[in-house]
Each structure stands twice: as structure tokens, then as C-alpha cells.
Amino acid sequence: MTGQAEISAEIAAIQAEYCHAGIEESQPRLDYPPYRSSVLRHPTSALHLADPEAIELCAPCFGEDDVAPFDADLTAQHAGSPIGERTVVTGRVVDGDGRPVRRQLVEIWQANASGRYIHQRDQHPAPLDPNFTGAGRCLTDDDGCYRFTTIKPGPYPWRNHHNAWRPAHIHFSLFGSDFTQRMITQMYFPGDPLFALDPIYQSITDQKARDRLVAVYDHDVTSHEWATGYRWDVVLTGPAATPFEEPR
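Remember, it's a predicted structure, so these values are computed and weren't measured experimentally. (Residues numbered from 1 in each chain as written. Predicted model: local features only at pLDDT ≥ 70, side-chain atom pairs only at ≥ 80, totals over all residues. Heavy atoms only, no water.)

### Some thoughts on the sheet that holds strand β3 (residues 135-139)
Spatial strand order, β3-β2-β7-β8: four strands in an open sheet with antiparallel pairing. In this open sheet, the two edge strands, each paired with only one partner strand, are β3 and β8 (183-188). The sheet shows a mean angle of 25° between the axes of neighbouring strands, direction not considered. Across five bridges, the pairing between strand β2 (residues 105-109) and β3 is antiparallel. When the sheet's bridge partners are listed, W109 is paired in β3 with A135. (Pairing = 2+ DSSP bridges. Helix = DSSP H or I, 4+ residues; strand = E, 2+ residues; numbered from the N terminus. Axes fitted to C-alpha atoms, helices over the stretch in contact; angles between N-to-C directions.)

This is the structure we're talking about:
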């Protein structure tokens, strides 16, 4: 408990230092000391302007023919069933006025139930699941809705500081109308005890903005003897916009 208290005190002190004149920020802070690699994860120079029409001549585009319905079911991508808590994650993608964003490509990736990714750099001693790859995609429908069936991911260590563990989360990537409009964020699960100890989550000063990253359990989405259900909406613009990672 002493270690947790020390980390919490450190986070609180740095939050106070970086909260300029009491103004809360709704987007993640850059160069946030508790998140040690934050200095490496955002541009340090002005971004180059890109002509979307020129980019589209050589970049991928996505439509109904490119995304199959089964791409959204991460539990049915292999011969066997993955291990873990089967769950459905669904919600709407809307603009700042609440209007649906239709035919939006939504991609997700995540750790398995043991908190491990299928990635050569993830070598912590947790088992891989041969029946779970941890990636899926879908297009939003006419009401801006997306829906994934997956396995609830486990927390995992990430070596940012002593005894550092990430809360369970799912990475979301959203594309706009062209390839230069990609936005990336993370969705968390309610009631996670690691929230207070996670510098990435704590890099957002505004508690209301943090809360917008946390899904809500929805018993109507939950299905009998099959899967628990969570609802999480993504707001692309406006004062209630979902916090997004800075473009790299």
C-alpha cells in the first residue's frame, strides 16, 4: 500500500503543477513526466500539411466491400473459442452536434484475457491464446453505430515505473472521409482500481473528460449465458469530444 500511496501522491503533485491557473484540460497532456515515453509519442515540430485528395491517390480507402461482417467478432476468427470473459462493446460515433457519422471505419486492438498482446515486444510471462488475435474492424451503420464481440482484456505490466500496470483497455482507431483523418483513443472498463495509478489515464486533467473514456455496463446489451455488454460512444468534435492521442 505504501508504494501505491507514493505513486498517487506523485501523480497528484504533478497534476497540481501542470494545471495552469486551475484550468482543466480535456485532452491528454504532452510531455507529462509520469508517462515517461510521452516525450517520444508526439511531434516536436510543426506538422506537414497534406493534400487529402493527393493522399487518396496512393492511400487505401475503405467501403462495404473491404470490411466483412465477421471482422467485428474477435471470438470467431479461429478454429476454437478464446479463453476469457466474452463481451460485446457497442456504441455510436457522432459529431459535436450529436449527428451520426455513417460508414466510419472503426478498428480495435487489445490484449488477451491474460493481458498479453501477440507482438514480439510483448514478452511478459503471461500466456498467449492461440484462438485470439486481438484485432477487429467494422463500419458504422446509418445511425453511426458500431458493435464488436470480443474478450475482456486483462491488465498488463508496462515498465513505465516500478510495479506499473495498465488498466484493462481496448484501443480504438477511427478514420474520417480520407486517410489523413485518423484518430486513436482508448476505451476503459468501469470501476478499474488501476485508474488512479495509471499515468496515461491521469494525463488528462479534466475528470469529466477521463470519464468519457470509460464504457458503461449495459444489461440490455448483455445476452443470456453468452456475453456481458458495454456501451461506449465516441464524440469526434466539440466541447464533449472524446480524448484522443496526439498524431505521431
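### A few points about the pairing of β2
Remember that side chains alternate between the two faces of the sheet whenever the strand is regular. Most of β2 is tucked away: four of the five residues are buried. Sheet topology places β2 next to strand β7 (residues 169-174); four bridges connect them, and they run antiparallel. Bridged to W109 within β7 is H171. (Buried < 20%, exposed > 50% of the residue type's maximum accessible area, 1.4 Å probe, protein only.)

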